[in-house]
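An overview of the molecular structure
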Amino acid sequence: MIETVLPAGVRWAEAFDDAVAPDWFPEEEALVARAVALRRGEFATVRRCARQALAELGVPRVPLLRGPRGAPRWPGGIVGSMTHCAGYRGAAVARQEEFAALGIDAETDEPVPDEVWDMVALPAEREQALRALGVRDRTDGAGPGPCPDKLLFSAKEAVFKAWYPLTREELEFHEASVRFTYATARSGSFEARLLVPGPVVGGRRLDVFAGRWTSGRGLILTAVALPVTG
């Protein structure tokens, strides 16, 4: 699924379960030594995906440990992002000379709790998600497309994952305003307009992060890829 939301030059790998045995390093296993089996499985699988993607760039197998705020520490010259949810694990990587940052997010296609929706959505986003996007009513699940509140939540998560490595600062849900377009009821693009000063990439300040989204198999996937130029 993830290949449909990533541009050329980004390498990726994904899995829909933890059936393959872990190929982790001792340092990685130690990070989840006390975790439940489900957490250990998704942790190992998403790192296996990341190493598969890195191998396509010619990067040898290395431990992928945690940095600040739990973000993965990538090998030198590499940017990347990992994500996992029930029924999905995925990773995307690229060379830093081509992309300044990547952010991917996967979520189950189901409504977020009302209190989360209230926290995530700005007034304009509520209107657009429930009217202009027209994907599915969040209360009864009717319609062909993904749940609009979870789609918005996922897009903002992808934006944050691209934002954080560039700034090392938090980005609150209300500090970016997302607007969606759709090619079909199940896929499209989005723009996240930053409501705080954006990072400087390639000598220019970024006020908008562009991304793409897709849905299917009970999942929603979003991605933001920030090229160094263009």
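Our subject is the structure that appears above.
A brief look at the structure comes next. Computed from a prediction, not measured in an experiment: that's the story for all the values here.

Within the open sheet, the five strands sit side by side as β4-β10-β9-β6-β5. Their pairing is antiparallel. A strand with exactly one partner marks an edge of an open sheet, and here the two such strands are β4 (99-108) and β5 (176-184). On average, each strand axis in the sheet is tilted by 20° relative to the strand beside it, whichever way the strands run.

As a further point, take the nonpolar core. Membership of the largest hydrophobic core comes to 32 residues, with the highest contact counts inside it found for F180, F190, F209 and V224. Mapped by element, the contributors of at least two residues to this core are β4, α3 (114-120), α5 (148-167), β5, β6 (187-194), β9 (208-216) and β10 (219-227). At ten residues, the largest contribution of residues to this core is made by α5.

Its volume calculated, the largest pocket comes out at about 990 Å³. What lines the largest pocket is a set of 41 residues, among which G70, A71, P72, F160 and K161 lie closest to the centre. If you list the elements that add at least two residues to the lining of the largest pocket, you get α2 (37-56), β2 (78-85), β4 and α5. Top contributing element to the lining of the largest pocket by residue count: α5, with eight residues. Taken together, the residues that form the lining of the largest pocket break down as 21 nonpolar, seven polar and 13 charged.

Here we come to the pattern of salt bridges. In total, this model carries twelve salt bridges according to the counting rule given. Between D23 and R61 there is a salt bridge; the shortest N-O distance is 3.8 Å. Pair noted here: D23 is in the loop between β1 (11-15) and α1 (26-31) and R61 is in the loop between α2 and β2, with a separation of 38 residues, a long-range link. When its relative accessible area of 47% is taken as the criterion, R61 is described as partly exposed. Here E28 and R51 are joined by a salt bridge, their closest N and O atoms 2.8 Å apart.

So, on to the packing of aromatic side chains. All chains considered together, the criterion is met by five aromatic pairs. Each ring, one from F16 and one from Y88, has its centre 5.5 Å from the other, and the planes form 75°; the classification is edge-to-face. Residue F16 is found in the loop between β1 and α1, and its partner Y88 is found in strand β3 (residues 88-95); the two are separated by 72 residues along the sequence. By relative accessible area, which is 26% here, F16 ends up partly exposed. On the basis of relative accessible area, Y88 is assigned to the buried category, the value being 0%. Ring centres 5.7 Å apart and planes at 35° place the aromatic pair F153 and F173 in the tilted group. Of the two residues, F153 is situated in helix α5 and F173 in the loop between α5 and β5; the sequence distance between them amounts to 20 residues.

Burial along β6 is one-sided: G188, F190, A192 and L194 are buried, while S187, S189, E191 and R193, pointing the other way, are not. Looking at chain direction, β5 and β6 are connected through eight bridges and run antiparallel. Residue V178 lies in a different strand from β6, and its bridge partner there is A192. In sequence, β5 turns back onto β6 through a hairpin of two residues.

About the cut-offs
Residues numbered from 1 in each chain as written. Predicted model: local features only at pLDDT ≥ 70, side-chain atom pairs only at ≥ 80, totals over all residues. Heavy atoms only, no water. Pairing = 2+ DSSP bridges. Helix = DSSP H or I, 4+ residues; strand = E, 2+ residues; numbered from the N terminus. Axes fitted to C-alpha atoms, helices over the stretch in contact; angles between N-to-C directions. Core = buried A, V, L, I, M, F, W, Y, C linked by side-chain atoms within 4.5 Å. Buried < 20%, exposed > 50% of the residue type's maximum accessible area, 1.4 Å probe, protein only. 1 Å grid on protein atoms, 1.4 Å probe; cavity = no way out; pocket = protein on both sides within 12 Å on 5 of 7 lines; lining within 4 Å. Points joined across faces, edges and corners; volume = space filled by probe spheres on them. Nonpolar A, V, L, I, M, F, W, Y, C, P; charged D, E, K, R; others polar. Salt bridge = Lys/Arg side-chain N within 4 Å of Asp/Glu carboxyl O. Phe/Tyr/Trp six-rings, centres within 6.5 Å; stacked < 30°, edge-to-face > 60°.

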